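# Observations on the three-dimensional arrangement
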Amino acid sequence: MHTLKIGDVTITSIIERDGPWRRPEDMFPAYDPEVGKRHLAELDPFVFDVASGRMVITYQTFVVRTPTHTILVDTCTGEDKGHPPPMDFPKKPWLDGFHAAGLRFEDIDYVFCTHLHIDHTGWNTQLRNGRWVPTFPKAKYIFHKREYATWEEATKQGNNPHGPNVFLFNCEPVVAARQALLVGDDFALDDTFWLTPTPGHSPCHCCVNIRSGGQRAVVVGDLMHHALQCREPDWSTIFDWDKEQAARSRRKFLGEVAGTGTFVMPVHFPHPTVGRIEADGERFRYGFVRS
């Protein structure tokens, strides 16, 4: 994505991977091929690869710079985690992008995780001398306390659908290092950053709001994976914790931001990523912002 500037805040992205990823019929249990074909024909061509029949999916971290803080929102899949295919793609592009942004690990003040899944927490930690330690030594990590507790218990019971490594490698070491802030639905870092609860994809999924100069941007995490879900908000994914609740959260959010000029930033939407929402009857349209 291009750098987005709102007020005195700049937002850029570090891309770990992008390109064709999954077929919509494999991603959305409620997918209707005829309806989907009609919608895809109307969407921007770069969101769907016709040759492979796969949606274009990006994995990225947002870097938010304010006059006082440097903040990361979601941290992709990370390295050395031992994830099986297809999550074993090269991780060097993320490191290259991080350094190209002029950043050092010690420059990061806060890390916000919209939720605690495999592809949103990976760079939280690195393997050092056989131990998982926080990647960003001076940062405070913002985790939703009930989200953390849910995955902690699921991991103990052997019921974490993402496997135990996500929690044990990416989350628990941050708390052990006393670098985590376990927060509730109403958490606000300051006048610039606050959370909006959007549960469903995960137990306590949250959007991260950024406000400056009278403008608002929202990192929506996995509230949406693809622009198809604006046309069909009830199409939840195979990865959603509670598909009906995810659909309710998505429709509510889309209805609230439609027509407001809010910059929407879904982690998995391809370049240029940032968009605005407009209502279209019972559906919505995602308009990519092009500089």
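Residues numbered from 1 in each chain as written. Predicted model: local features only at pLDDT ≥ 70, side-chain atom pairs only at ≥ 80, totals over all residues. Heavy atoms only, no water.

## Notes on the sheet that holds strand 5 (residues 54–56)
The antiparallel open sheet is built from three strands, whose spatial order is 3-5-4. Since the sheet does not close on itself, it has two edges, and those belong to strand 3 (20–22) and strand 4 (48–49), each with one partner. For strand 3 and strand 5, the ladder comprises two bridges, and the chain directions are antiparallel. Residue pairing across strands places R22 opposite M55, the latter belonging to strand 5. (Pairing = 2+ DSSP bridges. Helix = DSSP H or I, 4+ residues; strand = E, 2+ residues; numbered from the N terminus.)

## Some details on the side chain of R231
Tracing the backbone through its elements, the reader meets R231 in helix 7 (residues 228–231). Judged by relative accessible area, R231 falls into the buried class, the value being 6%. A polar contact is formed between the side chain of R231 and the backbone oxygen of F284, at a distance of 2.9 Å. (Buried < 20%, exposed > 50% of the residue type's maximum accessible area, 1.4 Å probe, protein only. Polar contact = N/O pair within 3.5 Å; in protein donor to acceptor, adjacent residues only side chain to side chain.)

## Looking at the pattern of salt bridges
Counted under the stated rule, the structure contains twelve salt bridges. A salt bridge links R290 to D44; its shortest N-O distance comes to 2.5 Å. On the criterion of sequence distance, the pair formed by R290 in the segment after strand 18 (283–288) and D44 in the loop between helix 2 (33–42) and strand 4 is long-range, its members being 246 residues apart. Accessibility expressed as a relative area gives 21% for D44, which makes it partly exposed. The closest approach of N and O atoms between R104 and E106, which form a salt bridge, is 3.5 Å. Note on R104: relative accessible area 47%, which makes it partly exposed. In this structure E106 comes out as partly exposed when scored by relative accessible area, which is 33%. Among the charged side chains, a salt-bridge network with shared partners connects R23, E25 and D26. (Salt bridge = Lys/Arg side-chain N within 4 Å of Asp/Glu carboxyl O.)

## A closer look at helix 8 (residues 243–257)
In this model, helix 8 (15 residues) spans 21 Å end to end at C-alpha, consistent with the 21 Å of a helix rising 1.5 Å per residue. In this fold, the buried residues of helix 8 make contact with strand 15 (215–221), helix 7, strand 16 (263–266), strand 17 (275–280) and strand 18. Its side-chain oxygen 3.2 Å from the backbone nitrogen of E244, D242 forms the N-cap of helix 8. Following helix 8 by one or two positions, G259 has its phi on the positive side, about 75 degrees. (Expected span 1.5 Å × (residues − 1). Contact = heavy atoms within 4.5 Å.)

## Some remarks on the environment of R251
The residue R251 is located in helix 8 in this model. As a C-alpha pair, R251 and S13 span 238 residues in sequence and 26 Å in three-dimensional space. Among residues more than four places away in sequence, those in contact with R251 are P233, D234, E282 and F284.

Don't take any of this as a statement about function, it's just geometry.
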